Amino acid sequence: MSEQELNSYRLTSLEEPTDEMLAQIMHEAAEDARKSNEAAHKKFFEEIQQMIKKGEKRE
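These numbers were taken from a predicted model, which means no experiment stands behind them.

So, how was this worked out
- Residues numbered from 1 in each chain as written.
- Predicted model: local features only at pLDDT ≥ 70, side-chain atom pairs only at ≥ 80, totals over all residues.
- Heavy atoms only, no water.
- Helix = DSSP H or I, 4+ residues; strand = E, 2+ residues; numbered from the N terminus.
- Buried < 20%, exposed > 50% of the residue type's maximum accessible area, 1.4 Å probe, protein only.
- Areas by Shrake-Rupley, 256 points an atom, 1.4 Å probe, with all protein chains shown as cover.
- Salt bridge = Lys/Arg side-chain N within 4 Å of Asp/Glu carboxyl O.

## Things to note about the overall build of the protein
For the protein, the count of helices and strands is two helices and zero strands. Out of the 59 residues in the protein, the part that is buried amounts to 7%. Here the protein has roughly 5,700 Å² of accessible surface; of this, 53% comes from carbon and sulfur atoms.

## Digging into the pattern of salt bridges
Taken as a whole and assessed by the stated rule, the structure comprises two salt bridges. Here R34 ties to E31 by a salt bridge, and the two come within 2.5 Å at their closest N and O atoms. Residue R34 and its partner E31 are both found in helix α2 (residues 19-58); the two are separated by three residues, about one turn of the helix. Note on R34: relative accessible area 37%, which makes it partly exposed. For the salt bridge of R34 with E38, the shortest nitrogen-to-oxygen distance reads 2.5 Å. One end of the pair, R34, and the other, E38, are both in helix α2, four residues apart, so they sit about a helical turn from each other. Taking relative accessible area as the criterion, E38 reaches 48% and is therefore assigned partly exposed.

See the structure below:
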């Protein structure tokens, strides 16, 4: 399936997506969620490291 075909489909459409379309949509949604989760995880631990360094400087 081409990217153009996939991008032309909208979930608000009255027609049902094909199994291939639905699989691709779900795959892309999962990939976006994975990337977002990775970024949040990295940011969280970077902030913890910064807090630790600030705490060490105060002592």
